[in-house]
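# Summary of structural features
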Amino acid sequence: MVSYFGTVPYPTDQKRQEMRHHIMIQVAICDDEPKTLHELEAAVAHYAVQRDLHLSVDTYQCAKDLEAQIEHHKTYQIYVLDMLMPQMNGIEIGQAIRRLDQQTAIIYLTTTMDFAFQAFGVFAQRYLLKPVNETEFHEALDFAVGNALQMQKTLNVKTASGIQRIPYSKIEYIENAARALHIYTTDKNEIVSRLLRKSFENDIGILLENQDFIHTHKSFIVNLSHVRVYDTNQMAMRSGAQIPISKSRQTEVKRAYLQYISENY
């Protein structure tokens, strides 16, 4: 899923649908009960067939084993985690995941609501009670898959050294300065485009079709998934950057931010 600046053609809806079916999404399931683990693996496989998706599933009976894989840079786009496990509970493994990945989807399955508030602290996308209702589980997976596909999207930017592909998920914010796009990424890089031939609004239009991005100021576009603190006049990003919100856009930005929070957390 690729977006482009310049004259390079943007993929058609049909092409994007074909690409969706060819993307492999990595799923990790962790539950200390072997029977439950097997049932969850079968449920995810059944869901993949229903949705015509390619899902690769790894199962873990011990959260410590999953933590070891994560520390060795094994990555997943979706985590389905039991909450009550020996040695390491669901919140602790969720914190380990978040230390390395702020955007991957976490779905908690549990027999109690006692950890719901803590689950919010690791930005879990869903918190489901066992026995898991199939409709609710599929809805949670729909959301997680959508998040995973979102992370596959890239923005192609023409720079002095050629075209650079930047995943949407790695874009923290973009500034329009001196008739060029200055793209600041989560790995602390600054990528500068060639001089703009059209307006800033025209060049960022494709990003603004995505709910993660909001135009906060005439010179700035922000990825809401990397906002640390929201205020009426500015947004503080995870990098520490302070992005202004113009007075004329305050209502629109507030609405978009609250909607993003309600839909994602």
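Since this is a predicted model, take the numbers as computed values, not measurements.

What counts, and where the lines are drawn
- Residues numbered from 1 in each chain as written.
- Predicted model: local features only at pLDDT ≥ 70, side-chain atom pairs only at ≥ 80, totals over all residues.
- Heavy atoms only, no water.
- Pairing = 2+ DSSP bridges.
- Helix = DSSP H or I, 4+ residues; strand = E, 2+ residues; numbered from the N terminus.
- Axes fitted to C-alpha atoms, helices over the stretch in contact; angles between N-to-C directions.
- Contact = heavy atoms within 4.5 Å.
- pLDDT = per-residue confidence, 0-100.
- Parallel < 35°, antiparallel > 145°, perpendicular 65-115°, else oblique.
- Nonpolar A, V, L, I, M, F, W, Y, C, P; charged D, E, K, R; others polar.
- Salt bridge = Lys/Arg side-chain N within 4 Å of Asp/Glu carboxyl O.
- Buried < 20%, exposed > 50% of the residue type's maximum accessible area, 1.4 Å probe, protein only.
- Core = buried A, V, L, I, M, F, W, Y, C linked by side-chain atoms within 4.5 Å.
- 1 Å grid on protein atoms, 1.4 Å probe; cavity = no way out; pocket = protein on both sides within 12 Å on 5 of 7 lines; lining within 4 Å.
- Points joined across faces, edges and corners; volume = space filled by probe spheres on them.

Looking now at the sheet that holds strand β13 (residues 220-223). Across the sheet, which stays open at both edges, the five strands sit in the order β11-β10-β9-β13-β12 with antiparallel pairing between neighbours. Two strands close off the open sheet at either side, each with one partner strand: β11 (190-192) and β12 (213-217). Strand after strand, the sheet turns through a mean of 20° between neighbouring axes, direction not considered. Bridge count for strand β9 (residues 171-177) against strand β10 (residues 180-185) is six bridges, and the pairing is antiparallel. In the sheet register, Tyr173 faces β10, and the bridge partner there is Tyr184. In this fold helix α7 (residues 200-208) packs onto β9, β10, β12 and β13, with an angle of close to 145° to the strand it touches most, β12.

Moving on, we get to the sheet that holds strand β4 (residues 78-82). With parallel pairing, five strands are arranged side by side in an open sheet as β3-β2-β4-β5-β6. Whereas interior strands pair on both sides, the edge strands pair on one side only; in this sheet they are β3 (54-60) and β6 (126-129). Adjacent strand axes in the sheet meet at a mean angle of 20°, parallel and antiparallel pairs treated alike. Direction of pairing for strand β2 (residues 24-30) relative to β3: parallel, over a ladder of seven bridges. Looking across to β3, one finds that Met24 is bridged to His54. Packed onto the sheet, helix α6 (residues 134-152) meets β2, β4, β5 (105-110) and β6 and runs at close to 160° relative to β6.

Summarising the model, the protein chain shows a mean pLDDT of 87, and 91% of its residues fall at 70 or more. Contacts from residues 1-19, a stretch scored under 50 in pLDDT, to residues over four places away or in other chains number 36 contacts.

The next subject is the packing of helix α3 (residues 63-71) against helix α4 (residues 90-100). α4 packs onto α3 with a crossing angle of 5° between their chain directions and a minimal axis gap of 10 Å. As judged from the angle between their axes, α3 and α4 are roughly parallel. Of the residues in α4, those touching α3 at Ala63, Leu66, Glu67 and Ile70 are Ile93, Ala96, Ile97, Arg99 and Leu100. The residue makeup of the contact of α3 with α4, split by class, is seven nonpolar, no polar and two charged.

Attention now goes to the pattern of salt bridges. By the definition in use, this model includes seven salt bridges. Between Glu67 and Lys64 there is a salt bridge; the shortest N-O distance is 3.8 Å. Remark: Lys64 and Glu67 occur in helix α3; sequence separation between them is three residues, near one turn of the helix. For Lys64, a relative accessible area of 39% puts it in the partly exposed group. Linking Asp82 and Lys130 is a salt bridge whose minimum nitrogen-to-oxygen distance equals 3.1 Å.

Turning to the nonpolar core, a few remarks are in order. With 24 residues, the main nonpolar core has Ile25, Leu55, Ile78, Val80 and Ile107 as its most contacted residues. Elements represented by at least two residues in this core include exactly β2, α2 (34-51), β4, β5 and α6. Tallying contributions element by element places α6 first for this core, with seven residues. Among residues more than four places away in sequence, those in contact with Val80 are Val27, Ala28, Ile29, Cys30, Ile107, Leu109 and Phe137. Ranked by size, the runner-up nonpolar core spans 23 residues in total, among them Cys30, Leu66, Met88 and Ala96.

Below, the discussion takes up the layout of surface pockets. Of the pockets and cavities examined, the largest pocket occupies roughly 600 Å³. Lining the largest pocket are 24 residues, and of these Leu100, Asp101, Gln102, Met151 and Lys170 lie nearest its centre. Counting residues per element, the ones that place at least two in the lining of the largest pocket are α4 and α6. For the lining of the largest pocket, the element with the highest residue contribution is α6, accounting for three residues. Taken together, the residues of the lining of the largest pocket break down into eight nonpolar, ten polar and six charged.

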